[in-house]
Amino acid sequence: MITALARRICAQPLRTACRSYVSFAPASETKQLDELQRLALEEQCILVNENDQVIGHTSKADCHRVHPQNKEVKLHRAFSVFLFNTKGEMLVQKRSDHKITFPNTYTNACCSHPLYEIEVERDELNCFGIRKAAQRRLNYELGIPTNQIRPENFHYLTRIHYANTGDGVWGEHEIDYILFLQKDVDIKPNMNEVSDVRFVKRQNIDEEISKFDAPLTPWFKLILKNHLLLWWDNLHQLKKFEDHKNIHRY
């Protein structure tokens, strides 16, 4: 049975994107993919330059496909949500084995993209489009009711520019908006997206990560190494760590 998500992804405005995707990613590389994940490859991501200025849009497949000749991945806009409960514990999820990029890896609560075809998610004022996209994806991936994660609940800290060629076929190249959210929420994971969810304590973070049965995603590893612990220690005063002017590059 086709889901509402699948029907939305297959809607008329995305058919051009689907043609682009098929021409860029050979059918032999996609025919074995999970159907929902394959359909999601047709969503339209927002292409940006190194200054995070919008220069166009193209399919998720086109954005994440490592070019077979020059090994580059198209730069696009993304976000990463770090979710903490009121005890200060951080939610970590394990990406399901259905995921196309970095399956079976541990990462922060939610990592995804604002979509070009959803007009409100292109709204740059006060990072509103990114916040709306985060609300949508937290609901889809973790089943968190949207009324528990309103756009104004997210604390936008900064942006990070990173690239990783992954398995050589599917990779990442993103300007990633970092969003923090501290709130107790109801969670019902979508098993097509997430295979495990756990909360980890700040004081035990190294020990707990060492016991994970899979590696970390490259963006989570970068943020953990360079920023996360300082931000985590200051959940009560995050405003002093805001940097909306600079883009941190790795």
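Here the structure is a predicted model, which is why all the values come from computation and not from measurement. (Residues numbered from 1 in each chain as written. Predicted model: local features only at pLDDT ≥ 70, side-chain atom pairs only at ≥ 80, totals over all residues. Heavy atoms only, no water.)

Colleague: Give a detailed account of helix 6 (residues 128-142), specifying residues and quantitative values.
Modeller: Helix length check: helix 6 (15 residues) gives 21 Å between terminal C-alpha atoms against 21 Å at 1.5 Å per residue, within 8%. Counting buried positions over the 15 residues of helix 6 gives 11, a clear majority of the element. Among all positions in helix 6, only G129, I130, R131, A133, A134, Q135, R136, R137, L138, E141 and L142 are buried. The inward-facing, buried residues of helix 6 contact strand 3 (76-84), strand 4 (90-95), strand 6 (110-112), strand 7 (155-164), strand 8 (172-182) and strand 9 (194-200). The positive-phi residue at the C-terminal boundary of helix 6 is G143, with phi of around 70 degrees. (Helix = DSSP H or I, 4+ residues; strand = E, 2+ residues; numbered from the N terminus. Expected span 1.5 Å × (residues − 1). Buried < 20%, exposed > 50% of the residue type's maximum accessible area, 1.4 Å probe, protein only. Contact = heavy atoms within 4.5 Å.)

Colleague: Talk me through the side chain of E89; I want residue IDs and the actual numbers.
Modeller: Residue placement: E89 occurs in the loop between strand 3 and strand 4. On the basis of relative accessible area, E89 is assigned to the buried category, the value being 11%. Of note is the side chain of E89, whose polar atom sits 2.7 Å from the side chain of N85. Of note is the side chain of E89, whose polar atom sits 3.3 Å from the side chain of K201. With residues near it in sequence (within four places) discarded, E89 still touches L83, F84, F199, V200 and K201. (Polar contact = N/O pair within 3.5 Å; in protein donor to acceptor, adjacent residues only side chain to side chain.)

Colleague: Run through the nonpolar core, naming residues and quoting values.
Modeller: Judged by nonpolar contacts, the single largest core of 28 residues is most densely connected at F82, M90, F180 and L228. Contributing elements (two or more residues each) for this core: strand 3, strand 4, strand 7, strand 8, helix 7 (205-210) and helix 8 (218-232). Looking at this core, the element that brings in the most residues is helix 8, giving 7 residues. Apart from the residues lying within four places of it in its own chain, the contact partners of F82 are M90, N108, I178, L179, F180, L181, F220, I223 and L228. By size, the runner-up hydrophobic cluster in this structure holds 21 residues, among which are L83, C127, A134 and L179. (Core = buried A, V, L, I, M, F, W, Y, C linked by side-chain atoms within 4.5 Å.)

Colleague: Provide a residue-level description of the packing of aromatic side chains, including the pertinent values.
Modeller: The final tally for this structure, using the stated rule, is 9 aromatic pairs. Relative to F212, the ring of Y106 lies with its centre 4.2 Å away and its plane at 25 degrees, an arrangement referred to as stacked. Highlighted residues: Y106 in strand 5 (residues 106-108) and F212 in the loop between helix 7 and helix 8, separated in sequence by 106 residues. Here Y106 matches F212 in class, with each residue buried. An angle of 35 degrees between the planes, with centres 5.4 Å apart, marks the rings of Y156 and Y177 as tilted. Note that Y156 is positioned in strand 7 and Y177 in strand 8, a separation of 21 residues in sequence. As far as burial versus exposure is concerned, Y156 and Y177 are alike and both buried. (Phe/Tyr/Trp six-rings, centres within 6.5 Å; stacked < 30°, edge-to-face > 60°.)

Colleague: Which residues make up the environment of L228, and what values go with them?
Modeller: Positionally, L228 belongs in helix 8. Taking the C-alpha atoms as reference points, L228 and F82, separated by 146 residues in sequence, lie 9.3 Å from one another. Excluding residues within four positions of it along the chain, L228 makes contact with F82, F84, M90, F180, F220 and I223.

Colleague: Describe the pairing of strand 2 (residues 54-59), listing the residues and the values that go with them.
Modeller: Pairing of strand 1 (residues 44-48) with strand 2, which is carried by 5 bridges, proceeds in the antiparallel orientation. When the sheet's bridge partners are listed, L47 is paired in strand 2 with G56. The antiparallel hairpin formed by strand 1 and strand 2 contains 5 residues in its connecting segment, where D52 sits at a positive phi of about 65 degrees. (Pairing = 2+ DSSP bridges.)

Colleague: An account of the pattern of salt bridges is needed here, citing residue identities and associated values.
Modeller: Two side chains that carry opposite charge are able to pair once their charged atoms sit near each other. Summed over all chains, the structure comprises 17 salt bridges. Here E193 makes a salt bridge to K99, at a shortest N to O gap of 2.7 Å. Of this pair, E193 sits in the loop between strand 8 and strand 9 while K99 sits in the loop between strand 4 and strand 5; the two residues are 94 residues apart in sequence, bridging distant segments of the chain. Exposure class is identical for E193 and K99. Each is buried. (Salt bridge = Lys/Arg side-chain N within 4 Å of Asp/Glu carboxyl O.)

Colleague: Tell me about the environment of S210, and name the residues and values.
Modeller: Along the chain, S210 turns up in helix 7. Residue S210 is classed as exposed on the basis of its relative accessible area of 57%. Among the polar contacts made by the side chain of S210, one reaches the main-chain carbonyl oxygen of E207 at a distance of 2.5 Å.

Colleague: So what about the confidence of the model for the protein? Which residues, and what values?
Modeller: Close reading of the predicted structure is inappropriate where its pLDDT is low. Confidence in the prediction for the protein averages 89 pLDDT; 88% of positions are at 70 or higher. In the predicted structure, residues 1-28 sits below a pLDDT of 50 and forms 44 contacts with residues beyond four places in sequence or in another chain. (pLDDT = per-residue confidence, 0-100.)

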